[in-house]
Amino acid sequence: MALRYVQKLKGIHTPFLCRGYPFLVTKEKSKDVAFTKSSLQKKYKDLEFPRTKYGGRSVVTMLPGGGIGPELMTYVREIFSHCGAPIDFEVIDIDPSTEGNEDLENAIVSIKRNGTAIKGNIETTSQNLSEISRNVAIRNELDLYVNVLHCKSLPGIPARHQNVDIVLIRQNTYGEYAMMEHEAVRGHVESLKIMTEENAERVARYAFEYARQHGRKKVTTIHKANIMKLSDGLFLEMAKKVHKDYPELKHENMIIDNTCMQLVSNPHQFDVMNLPNLYGTIVANVICGLIGGAGLLSGRNYGDYYAIFEPGTRNTGTAIAGKNIANPLPMINAGIDLLNHLGYKDHARIIHEASYKTVVENGIRTPDVGGSNTSTDVINSIMDYLPNANVVWPHEDDFMQEREVRI
């Protein structure tokens, strides 16, 4: 948007090669609102939309994605069915080899109708510049402005550090993932990093509110404001501004390169971390490596109206697809997050307890976390525990209660 504005003022010719925001995702979105809330979002800002529910059952969009995604989704459906979770899935496959965005549009419409989704990582294999990242497009179109990743060590898992307990609050839209890059002249490529007061403030407020509601003591804002004085400077400035509303919490800030070093040497100094988009994905992968690998954690994506749950590090796992060695825990944990979000706390609890007994107490693990078992070994062990678990059905008033931070 900034590029188009400058072009209008200075009469600069449009670059012959460019990649920008996916305007074709939905027909109502125009160029003038590419980085602002749509008129529909503004109109219904203070309203809560009812979730799709038929006969007391919740309908959830399922996007298997590529690589190991489809097989992990099969495990989730088996476990949900085994414990009687009242969830029906609307499965939508997005073909990464297609040149158009029709599958993506169908997925977005489904999520808007159902309110929640569980997804694997969706590949974008096309080299066509008009083809955009499906994962980024979904987050942008649904305004899923924050990603929450709870990085907590599991006992017995081989790791470089034990007893780590850090919560990452990551900016999920804008930043370096604005998808606005262009080649002004041949061999000279420029990429825009977008930062706004509104988005930086609401991510920071989510981080501080999360810390307050979950009994945390400190929020650390990660930045590179010494170099990117305007963009990261604004992100840091808004965090300091929001901190004034949370005087009981300690606020620190740290440069991203120092952050990576501090994480490797002493991760226990961190509590809640407030991060811009790109730094968030880097730090998430660093921490996952420190506590045992990518096959443990789930990630939660929240906006004002929609929520999507997925594996924490967003890896496709194409190389191990179909080999029965993929770790099912990240997707199972995403399913647990989904159940908690929808109010099915007891179903979430028994699946969590069964997973913990399987992986921690019985040591049934896939090779990526130091084990020698197959994916189906893990799933069969989890399901063996479920028939003996007691599920208390939630009261109707509990169905619509939010499980994430409300700000």
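Within an unreviewed UniProt entry, the label attached to the chain reads Isocitrate dehydrogenase [NAD] subunit gamma, mitochondrial isoform X1, and the organism entered is Musca domestica. Listed under Subcellular location (unreviewed entry) in UniProt, the entry text for the chain is "Mitochondrion". For the chain, the Sequence similarities (unreviewed entry) comment in UniProt is given as "Belongs to the isocitrate and isopropylmalate dehydrogenases family."

(A) Quick peek at the nonpolar core. Counting residues in hydrophobic clusters, the biggest one holds 54 residues, and the most contacted among them are Phe80, Ile87, Phe89, Ile118, Ile169 and Ile351. When we break this core down by domain, the ones giving at least three residues each are domain 1 (50-124 + 131-146 + 295-406) and domain 2 (160-291). Not counting residues within four places of it along the chain, the set of residues in contact with isoleucine 351 comprises Ile79, Phe80, Cys83, Ile332, Ile336, Leu339 and Leu386.

(B) Here's a closer look at the packing of helix α3 (residues 69-83) against helix α11 (residues 345-361). Relative to each other, α3 and α11 sit at 115°, their axes nearing to 11 Å. Where α3 crosses over α11, the two elements pack in a sense that is right-handed. Contacts between α3 and α11 pair Ile79, Phe80 and Cys83 from the former with His347, Ile350 and Ile351 from the latter. For the contact of α3 with α11, the residue count by class is five nonpolar, one polar and no charged.

(C) View of the packing of helix α4 (residues 102-114) against helix α5 (residues 134-141). As a packed pair, α4 and α5 sit with axes 11 Å apart at the nearest point and diverge in direction by 40°. Crossing angle aside, the handedness with which α4 passes α5 is right-handed. For the pair α4 and α5, the contacting residues are Leu104, Ile108, Ile111 and Lys112 in the first and Arg134, Ala137, Ile138 and Glu141 in the second. The class makeup of the residues in the contact of α4 with α5 is five nonpolar, no polar and three charged.

How each quantity is defined
Residues numbered from 1 in each chain as written. Predicted model: local features only at pLDDT ≥ 70, side-chain atom pairs only at ≥ 80, totals over all residues. Heavy atoms only, no water. UniProt positions renumbered as here; feature names shortened; annotations may be inferred. Core = buried A, V, L, I, M, F, W, Y, C linked by side-chain atoms within 4.5 Å. Buried < 20%, exposed > 50% of the residue type's maximum accessible area, 1.4 Å probe, protein only. Domains from an automatic or database assignment. Contact = heavy atoms within 4.5 Å. Axes fitted to C-alpha atoms, helices over the stretch in contact; angles between N-to-C directions. Helix = DSSP H or I, 4+ residues; strand = E, 2+ residues; numbered from the N terminus. Left-handed = near helix turned anticlockwise from the far one by under 90°. Nonpolar A, V, L, I, M, F, W, Y, C, P; charged D, E, K, R; others polar.

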